[in-house]
Amino acid sequence: MTKHIPFNEEFLFRQLFDSESCTYTYLLGDVETKECVLIDPVLEQVDRDIQLIKELGLSLKFAMNTHVHADHVTGTGLLKTKCNCKSLISKISGALADVYVDPGDKVQFGKFSLSVRPTPGHTNGCVTYVCDSQGIAFTGDALLIRGCGRTDFQEGNSGTLFESVHKQIFSLPDNFRLFPAHDYKGFTSTTVLEEKTLNPRLTKSKEEFINIMNNLNLAYPKKIDIAVPANKKCGIQD
């Protein structure tokens, strides 16, 4: 068993869930300065998120996404309207935003920061946000718990995803906790070591991984024709 890095007492962390899309939204904040960020907000859950932020006495600095989602509409646009925050996404995603990040950039909130690691493969613009001081990373759809994001649409490339996970996520310390954008089996987090040793897809060779991904035969995402155009424009804003 690996020993986790304990959270700083001034680091606020909340994991929130949308049951329809099985999406996790993450609220991170600095208890002292009150600055906070939301990672991967969902449109239908904006009122819940705002209520929690107000209850905790926080000020939302960024509503940010790990990538352009295909299974739900982001809450970023509505949060901008209601909270006067800024939207943030990777520059290569091609989506509209107030702030664009590149690999190696840092997203600052209070005394804490998230470093940006490029993890394309599910989409070209996928990034993983890493909080080194707290030993955690937010992997979006690149790496899921005992799985990974699909690669059969929206710029997907299995070989690229394999390289991204191994070079940018599996290179983190073994005890870092990983928090994905989705889970469909009731799990909430994993670790680098767990996924390096137990992930049924990403423990295979690159060639085997590509073959697995090419034969998943997944259904067409229900909301993709609505979600992707909306998310390219920072979400529905009214």
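Residues numbered from 1 in each chain as written. Predicted model: local features only at pLDDT ≥ 70, side-chain atom pairs only at ≥ 80, totals over all residues. Heavy atoms only, no water.

Engineer: Looking at this model, I keep getting lost on the nonpolar core. Mind explaining?
Structural biologist: Most often, soluble globular proteins keep nonpolar side chains buried together rather than apart. Core analysis: the biggest nonpolar cluster contains 22 residues, and Leu28, Met64, Leu114, Tyr129 and Phe138 have the highest contact counts within it. The residues touching Phe138, leaving out its near neighbours within four places in the chain, are Phe13, Tyr26, Leu28, Ile39, Thr66, Leu114, Val127, Thr128, Tyr129 and Phe179. Formed by 19 residues, the second largest nonpolar core is a distinct cluster that contains Leu16, Leu27, Leu52 and Ala230. (Core = buried A, V, L, I, M, F, W, Y, C linked by side-chain atoms within 4.5 Å. Buried < 20%, exposed > 50% of the residue type's maximum accessible area, 1.4 Å probe, protein only. Contact = heavy atoms within 4.5 Å.)

Engineer: Before we go on, may I ask you to explain helix α1 (residues 46-55) in this structure?
Structural biologist: Owing to its 3.6 residues per turn, the α-helix aligns residues three or four sequence positions apart on the same side. Within α1 the residues assigned to the buried category are Val46, Asp49, Ile50, Leu52 and Ile53. Looking straight down α1, one finds its buried side chains confined to an arc of 160°; they lie on one side. The exposed residues of α1 that point more than 90 degrees off its buried face are Asp47, Lys54 and Glu55. Packed against the buried residues of α1 are β1 (11-18), β2 (23-30), β3 (35-39), β4 (59-64) and α2 (76-83). Directly after α1, the chain includes Gly57, whose backbone phi takes a positive value near 70°. (Helix = DSSP H or I, 4+ residues; strand = E, 2+ residues; numbered from the N terminus. Arc of directions from axis to C-beta.)

Engineer: Mind showing me how you'd approach the sheet that holds β1 here?
Structural biologist: Adjacent strands of a sheet form backbone hydrogen bonds with each other and so pair up, either parallel or antiparallel. With mixed pairing, 6 strands are arranged side by side in an open sheet as β1-β2-β3-β4-β5-β6. Looking at the sheet topology across the chains shown, the edges are occupied by β1 and β6 (99-101). Each strand of the sheet is rotated relative to its neighbour by a mean of 25°, with strand direction disregarded. Bridge count for β4 against strand β5 (residues 86-90) is 3 bridges, and the pairing is parallel. The residue bridging Ala63 from the neighbouring strand is Ser87, located in β5. Of the strands in this sheet, β1, β2, β3 and β4 are in contact with α1, which crosses β1 at around 160°. Contacts from α2 reach β3, β4 and β5 within the one sheet, and its direction differs from that of β4 by about 160°. (Pairing = 2+ DSSP bridges. Axes fitted to C-alpha atoms, helices over the stretch in contact; angles between N-to-C directions.)

Engineer: Would you mind going over the pairing of strand β9 (residues 127-131) with me for this structure?
Structural biologist: Residues in a regular strand point their side chains to alternate faces of the sheet. Of all the 5 residues making up β9, 5 are buried; the element is thus mostly covered by neighbouring parts of the structure. Neither face of β9 is exposed, since Val127, Tyr129 and Cys131 on one face and Thr128 and Val130 on the opposite face are all buried. Direction of pairing for β9 relative to strand β10 (residues 136-140): antiparallel, over a ladder of 3 bridges. Paired with Val130 across the bridge in β10 is Ala137. In this antiparallel pair of consecutive strands, β9 and β10, the connection spans 4 residues, and Gly135 shows a positive phi of 65°.

Engineer: Help me out: how do you make sense of the environment of Leu52 in this one?
Structural biologist: Within the secondary structure layout, Leu52 lies in helix α1. Leu52 gets classed as buried once you look at its relative accessible area, which sits at 17%. For Leu52, the contacting residues outside a window of four places in its chain are Arg14, Leu16 and Leu27.

Engineer: Looking at this structure, how should I read unusual backbone geometry?
Structural biologist: One can expect most non-glycine residues to show negative phi and most peptide bonds to be in trans. Positive phi, normally seen in glycine, also occurs at Arg146, with a value near 60°. Residue position: Arg146 is located in the loop between β11 (143-144) and β12 (147-148). For Arg146, a relative accessible area of 30% gives the class partly exposed. Unusually for a residue other than glycine, Cys234 sits at a positive phi of about 75°.

Engineer: Can you help me understand the UniProt feature "domain: Metallo-beta-lactamase" (unreviewed entry) in the protein chain in this one?
Structural biologist: In this structure's numbering, the residues bearing the UniProt feature "domain: Metallo-beta-lactamase" (unreviewed entry) are residues 22-182. Along residues 22-182 one finds 19% helix and 35% strand; the C-alpha atoms at either end are 5 Å apart. (UniProt positions renumbered as here; feature names shortened; annotations may be inferred.)

Engineer: Help me understand the sheet that holds β10 in this model?
Structural biologist: As summarised here, the arrangement of the 6 strands in space is β7-β8-β9-β10-β13-β14, forming an open sheet in which the pairing is mixed. What marks the edges here is a single partner per strand, and that holds for β7 (106-109) and β14 (190-191). In this sheet, β14 lies alongside strand β13 (residues 177-180) in antiparallel orientation, the contact comprising 2 bridges. Bridge assignment links Leu178 to a residue of β14, and that residue is Thr190. The strands that helix α3 (residues 158-169) touches are β8 (112-118), β9, β10 and β13; relative to β8, the one it contacts most, it runs at about 145°.

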